[in-house]
Amino acid sequence: RSAAAPPPPPETFGAYTKASQENNGVTAMINMLIQELDKEMTVAEAEEKDAQEDYETMMQDSAEKRAADSKSITEKEAAKADTEAALQQHQDDKAATAKELSATLEFIASLHAECDWILKYHQVRQEARASEIDALGKAKAVLSGADFSLLQTS
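All values derive from a computational prediction rather than experimental measurement. (Residues numbered from 1 in each chain as written. Predicted model: local features only at pLDDT ≥ 70, side-chain atom pairs only at ≥ 80, totals over all residues. Heavy atoms only, no water.)

**Student:** Just checking my understanding: could you explain the overall build of the chain for this structure?
**Tutor:** Helices and strands together make up the secondary structure of the chain, namely two helices and zero strands. The buried share of the chain, reckoned over its 154 residues, is 0%. Of the accessible surface of the chain, which amounts to about 14700 Å², a share of 60% is contributed by carbon and sulfur atoms. (Helix = DSSP H or I, 4+ residues; strand = E, 2+ residues; numbered from the N terminus. Buried < 20%, exposed > 50% of the residue type's maximum accessible area, 1.4 Å probe, protein only. Areas by Shrake-Rupley, 256 points an atom, 1.4 Å probe, with all protein chains shown as cover.)

**Student:** What's the story with the packing of aromatic side chains in this structure? I'm lost.
**Tutor:** Each pair of aromatic rings is reported with the distance of its centres and the angle of its planes. Counted according to the given criterion, the structure contains one aromatic pair. Seen in terms of ring centroids, Trp117 and Tyr121 are 5.3 Å apart; in terms of plane orientation they differ by 45°. Their pairing is tilted. For Trp117, a relative accessible area of 47% translates into the label partly exposed. (Phe/Tyr/Trp six-rings, centres within 6.5 Å; stacked < 30°, edge-to-face > 60°.)

**Student:** Sorry, what's going on with a negative patch on the surface here?
**Tutor:** On the surface, Glu47, Asp50, Glu53, Asp54 and Glu56 cluster together to form a negatively charged patch. Mapping Glu53 onto the fold places it in helix 1 (residues 19-120). The exposure class assigned to Glu53 is partly exposed, which follows from its relative accessible area of 40%. (Patch = residues over 30% accessible without salt bridge, like charges linked within 9 Å, V, L, I, M, F, W, Y side chains within 5 Å. Salt bridge = Lys/Arg side-chain N within 4 Å of Asp/Glu carboxyl O. Lys, Arg positive; Asp, Glu negative; His and termini not counted. Charge placed at Lys NZ, Arg CZ, Asp CG, Glu CD.)

**Student:** When you look at the pattern of salt bridges in this model, what are you seeing that I'm missing?
**Tutor:** Close approach of charged atoms allows side chains with opposite charge to pair. All told, the structure shown has three salt bridges when counted by the stated rule. In this structure, Lys65 engages Asp69 in a salt bridge whose closest nitrogen and oxygen atoms are separated by 2.9 Å. Here Lys65 pairs with Asp69, and both are found in helix 1, just four residues apart, close to one helical turn. For Asp134, the salt bridge identified is with Lys138, shortest N-O distance 3.6 Å. With Asp134 and Lys138 both in helix 2 (residues 122-144), this residue pair falls four residues apart, about one helical turn. A residue is classified by how much of its surface remains accessible, and Asp134, at 43% relative accessible area, is partly exposed.

Structure (structure tokens):
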């Protein structure tokens, strides 16, 4: 064995202190944590209250907007139905007017053809009419007793 002295013992927790001194630091720290938690809880409750109010306001606004949108959709659907009915009526009127126009144009075409025929044969008809009037005059004279047997006709 060696005659050397053993090594010094390992260091321990330090000098002895009373438990009340130690507890004051821990108690103060716990009290500080409790105060911080109280502050955080108060802040969190206020934020939650504000958020709840904002949420309720948003839900009320959303409900009002949905109601307004629903009313708007109903009004627009009614306006669309009225417009579609008016469009159908105008289309029917247009079809009737187009049919009437076609009949009018056909009548005008037939009148035009008649007028063209009358213009084309006006001179011939005028000469025939004059000849007919002359013949009727002679026939009347014959019936009255005139004698045309000796006359020359060209």
